Amino acid sequence: FEQSFMKALLHGVIAEDMVFPFPETPAGERENVGLMLDTIRRFFTANVDSAKIDRDHEIPPSVIAGMKEMGLFGLQIGAEHGGIGLSTHSYLRVLQEIASRDTSIAVTLGAHQSIGLKALLLFGTPELKQRYLPALATGEKVAAFALTEPGAGSDAAAIKTHAELSPDGSHYLINGSKIWITNGGFADVFTVFARTSPDEEGRKPKITAFLVERGPGVTSGPNEPKLGIRGSSTTELFFDDVKVPRENVIGEVGKGFKVAMEVLNNGRLGLAVGCVGLGAALVKMAIERVQERRAF
């Protein structure tokens, strides 16, 4: 069976051999990441006005363009597809730094890489990767992850969006809607989860993951007003007879739940490290305030 540190912990066993010695990043990669972090800090200091992003509910196009030039949209995509090819540890370190400076930008980049294109990286065929990853690595195309529906969060069995195979078997027609999709307003490529089995009461549906391009039949609603991370785009998505080639199935037909859970397990790392970066920034601000404050 698959070993798990947390599972062992719940049984009262601390499986130290699974976490120690803690893996170290190779020296060469550490140096490259250090240089990248310096570049990010200089760029954000000179170009990013987080208060304005929050007020305008938008990340300026010039900032997006600058991030693309730095390769920030292809951090975990391999060099063979035009990306930087960082390890998970190094990718998370970069995301932590970005989140400490602007959460809207961090969420936009994280939704693109931690979940938006992650299924393609983990389960995509070589042909599918070659077709899409180069443009995703440069930011020419931006990705989003489309699972949640009004009646279905992580409960994939409640998904209503459905995909029907054409009579000749060449493509699927997808119909349905999704909500709370980060990058939904401008993403070009979506990892979409849909039912590929009849809606039969009492039987769990078969869910399949598809790579869907924005095009005829794909529309997005207006950006949702939010209490925070206002610069990121969060919208509804609608699919109306969207034609998707059979080759754009990610993983196996009917095995989409596994794809979704693997992607979300990976994505939670990015979310957690973003919270660490933001928390560290808040502690620093609090310390600076404490040191300068004079009472009475």
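Look up: the structure comes first, before these words.
Residues numbered from 1 in each chain as written. Predicted model: local features only at pLDDT ≥ 70, side-chain atom pairs only at ≥ 80, totals over all residues. Heavy atoms only, no water.

### Side note on the nonpolar core
Selection rule: Buried residues of nine kinds, namely Ala, Val, Leu, Ile, Met, Phe, Trp, Tyr and Cys, make up a nonpolar core once their side-chain atoms join them within 4.5 Å. Remark: exposure states derive from per-residue accessible area (1.4 Å probe, protein chains only) relative to the maximum for the residue type, with buried under 20%, exposed over 50%, and partly exposed in between. The secondary structure listing takes helices from DSSP runs of H or I that are at least 4 residues long and strands from runs of E that are at least 2 residues long, numbered from the N terminus. Residue contacts follow a heavy-atom distance rule, with two residues in contact if any of their heavy atoms lie within 4.5 Å.
Grouped together as the largest cluster of nonpolar side chains are 27 residues, with contacts concentrated most on Met-67, Leu-72, Val-94, Ile-98 and Ile-105. Listing elements by their share of this core, those giving two or more residues are helix H2 (27–47), helix H4 (61–69), helix H5 (88–99) and helix H6 (103–116). Leaving out residues up to four positions away in the same chain, Ile-98 has contacts with Ile-40, Phe-44, Leu-72, Ile-105, Ala-106 and Leu-109. Ranked by size, the runner-up nonpolar core spans 25 residues in total, among them Leu-117, Leu-120, Ala-137 and Val-189.

### As for H2
Our working definition: Helix span, expected: 1.5 Å multiplied by one less than the number of residues in the helix.
Between its first and last C-alpha, H2 extends 30 Å over 21 residues, near the 30 Å set by a 1.5 Å rise per residue. Buried residues belonging to H2 abut H4, H5 and H6.

### Concerning the packing of aromatic side chains
In plain terms, the rule: Here a pair means two rings of Phe, Tyr or Trp (six-membered ring of Trp) with centres within 6.5 Å. Their orientation is stacked below 30 degrees between planes, edge-to-face above 60, and tilted elsewhere.
Tallying each qualifying case throughout the model produces three aromatic pairs. Taken together, a centroid distance of 6.0 Å and an interplanar angle of 75 degrees make the contact between Phe-43 and Phe-44 edge-to-face. Considered together, Phe-43 and Phe-44 belong to a single accessibility category, that of buried residues. Taking the centre distance of 5.0 Å and the plane angle of 65 degrees together, the rings of Tyr-172 and Phe-210 count as edge-to-face. Here the residue Tyr-172 occupies a position in strand E3 (residues 171–182), and Phe-210 occupies one in strand E5 (residues 207–213), the gap between them amounting to 38 residues. Exposure class is identical for Tyr-172 and Phe-210. Each is buried.

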